[in-house]
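Fold and contact review
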Amino acid sequence: MKYFSTRGEAPVLDFSDVLLQGLARDGGLYLPAEWPRFSAEKIASFAGKPYRDVAYEVIKPFVGGCIKDDVLRSMIAKAYAGFRHPAVTPLVQTGENEFVLELFHGPTLAFKDVAMQLLGLLMDHVLEERGLRATIVGATSGDTGGAAIDAFKGRARTDIFILFPDGRVSNVQRRQMTTQKEGNVHALALTGNFDDCQTIVKGMFNNFGFRDRVALSGVNSINWARILAQIVYYFVSGVALGAPHRPVSFTVPTGNFGDIFAGYAAMKMGLPVDTLVVATNVNDILARTLETGRYEMRGVSATTAPSMDIQISSNFERLLAEVYGHDGHTVRRLMNQLGQSGSFEIEAGPLAAIREKFAAGRCDDKQTAAVIANTLEEAGYLLDPHTAIGVHVARENASLNSPMIVLGTAHPAKFPDAVEAACGVRPELPDELKPMMEAEEQQEILPAEQSAVERFIETHARAVKSGV
Ligand SMILES: Cc1ncc(COP(=O)(O)O)c(C=O)c1O
Ligand SMILES: N[C@@H](CCOP(=O)(O)O)C(=O)O
């Protein structure tokens, strides 16, 4: 399998190189040259199989022989062995035709663990094979950071630097990043918002001198391997509810558009998907784009679902590449326009192609609180604010044509204040995570400036000190 950049000017790479690269050298994001297609019989055969077996079948064609089959199989088994639920990503029915796909049974209680636990093993394997070190950077609005730190802590071949917006993540999220004692972990609190952090990460990738000197690698969903691992649970849940014999729909609490793009990938691979519904909080650039065809940045507001306080949705670029027929020139033009003027227009044809499969809706803090309260009352089920946004928007888009699967992206105990304020119940952390709430915190507070972050990384990354 070969991968090309959405902007068409970076080298075409295989899976292992895409894994280590993160962002393409032309500023674009890597996409597979073709979508592997599964027949209906193949998809039907996933029914009743353990998660790890389906994961192996889905991931293998994208790896394209870069990793030996038995090694890949054992890495997948290891990645999911520590999840708190035997099904890894169980489904819970919350309404007549409504299901929550619980993606938060991994070590940091966020859907990010599903991809990150595997990414850590894959990267280690490739670095080991090549005798290299890497400097991992990531921007987080709360969840990616903790999940990445858990997956990479203590690893000999990587140092990890996570940039998060100071004061804009929940206490639990911050502590998951700042209480790690391993020497290869660095939590950097930036005086800005998530988009500032993400812009700095992309800026560091585009600074080739720095990028090569520190052997930069990324763990945000700009890294294709993140999306890849997330495709699996669309198949697992879809098949559990009747696919391929009947279509299913998904509502996805969305920020960086990575998770829902994985759903799009599953559909391209043959999963019968009726609708992919984008659910946003008041930072609703994606919902507005679907309504108007104009992608237009506005200021970011803080909400009770902080992980979705995002305006620049990186992976939307991947969808643009798809609907513009992989025309790198056009994607480059749109992205340049976004950089210069803060907006771009999607033409009628590509917009119609997006609207054919995607719908969208938004949910403000008041509506989020209401849905937490009424889902507890009516279904006896406690939602976190991000998943609640999904449930609210799913209900607006409900149809009897297909079961609606809402992606449950975080455990309510990550956001106890918001959940308690909404419904009076304060969700408890699992016992093994409780000590973190008393542990000493370690973080570096830096201005939201690329040069300051680069200086910090240059002085702390072992890849620079050791020269490999
Ligand atoms: C809890 C939670 N829900 C939803 C999202 C949005 O996911 P994505 O950025 O892949 O759209 C995030 C962060 O990305 C998150 O942490
Ligand atoms: N919501 C995310 C933001 C980063 O998204 P990613 O999927 O690109 O890593 C977070 O919680 O950090």
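Residues numbered from 1 in each chain as written. Chains lettered and ligands numbered in written order. Predicted model: local features only at pLDDT ≥ 70, side-chain atom pairs only at ≥ 80, totals over all residues.

If you check an unreviewed UniProt entry, the protein appears there as Threonine synthase from Roseibium hamelinense. Taken from UniProt, the Sequence similarities (unreviewed entry) comment for the protein reads in full: "Belongs to the threonine synthase family." Per UniProt, the protein has the following entry under Catalytic activity (unreviewed entry): "O-phospho-L-homoserine + H2O = L-threonine + phosphate". (UniProt positions renumbered as here; feature names shortened; annotations may be inferred.)

1. Concerning the UniProt feature "domain: Threonine synthase N-terminal" (unreviewed entry) in the protein
Here the UniProt feature "domain: Threonine synthase N-terminal" (unreviewed entry) sits at residues 2-80. With 47% helix and 8% strand, residues 2-80 has end C-alpha atoms that lie 27 Å from one another. (Helix = DSSP H or I, 4+ residues; strand = E, 2+ residues; numbered from the N terminus.)

2. Here's the deal with the site of ligand 2
Around ligand 2, the structure places 13 residues, and the nearest of them are Thr140, Asp143, Thr144, Asn220 and Ser221. Per-element tally for the shell around ligand 2: the top contributor is helix α6 (residues 143-152), with three residues. Classifying every residue of the shell around ligand 2 by side-chain character gives no nonpolar, twelve polar and one charged. (Near = placed C-beta within 6 Å. Nonpolar A, V, L, I, M, F, W, Y, C, P; charged D, E, K, R; others polar.)

3. Topic: the UniProt feature "domain: Tryptophan synthase beta chain-like PALP" (unreviewed entry) in the protein
As recorded in UniProt, the sites labelled "domain: Tryptophan synthase beta chain-like PALP" (unreviewed entry) are residues 95-326. Each end of residues 95-326 is marked by a C-alpha atom, and these two atoms are 39 Å apart; helix forms 44% of the span and strand 20%.

4. Structural notes on the nonpolar core
Membership of the largest hydrophobic core comes to 155 residues, with the highest contact counts inside it found for Ile59, Leu119, Ile162, Leu163, Ile231, Val232 and Phe235. A per-element tally of this core places helix α10 (residues 224-240) first, with 13 residues. Apart from residues lying up to four places away in sequence, Phe235 is in contact with Ile43, Phe46, Val54, Val58, Ala266 and Leu271. (Core = buried A, V, L, I, M, F, W, Y, C linked by C-beta atoms within 7 Å. Buried ≥ 20, exposed ≤ 12 C-beta atoms within 10 Å, placed from the backbone. Contact = placed C-beta atoms within 7 Å.)

5. A closer look at the sheet that holds strand β4 (residues 98-102)
Taken in spatial order, the six strands line up as β3-β4-β14-β9-β10-β13 in an open sheet, and their pairing is mixed. Each of the sheet's edge strands pairs with one partner strand only, and the pair in question is β3 (91-95) and β13 (358-362). In this sheet, neighbouring strand axes are inclined to one another by 25° on average, regardless of whether the strands run parallel or antiparallel. Sheet topology places β4 next to strand β14 (residues 404-408); five bridges connect them, and they run parallel. Its bridge partner being in β14, Glu102 is matched across the sheet by Gly408. Contacting β10 (273-280) and β13, helix α12 (residues 285-292) crosses the sheet at an angle of about 130° to β13. Sitting on the sheet, helix α17 (residues 385-396) touches β3, β4, β9 (248-253), β10, β13 and β14, and the angle it makes with β9 is about 135°. (Pairing = 2+ DSSP bridges. Axes fitted to C-alpha atoms, helices over the stretch in contact; angles between N-to-C directions.)

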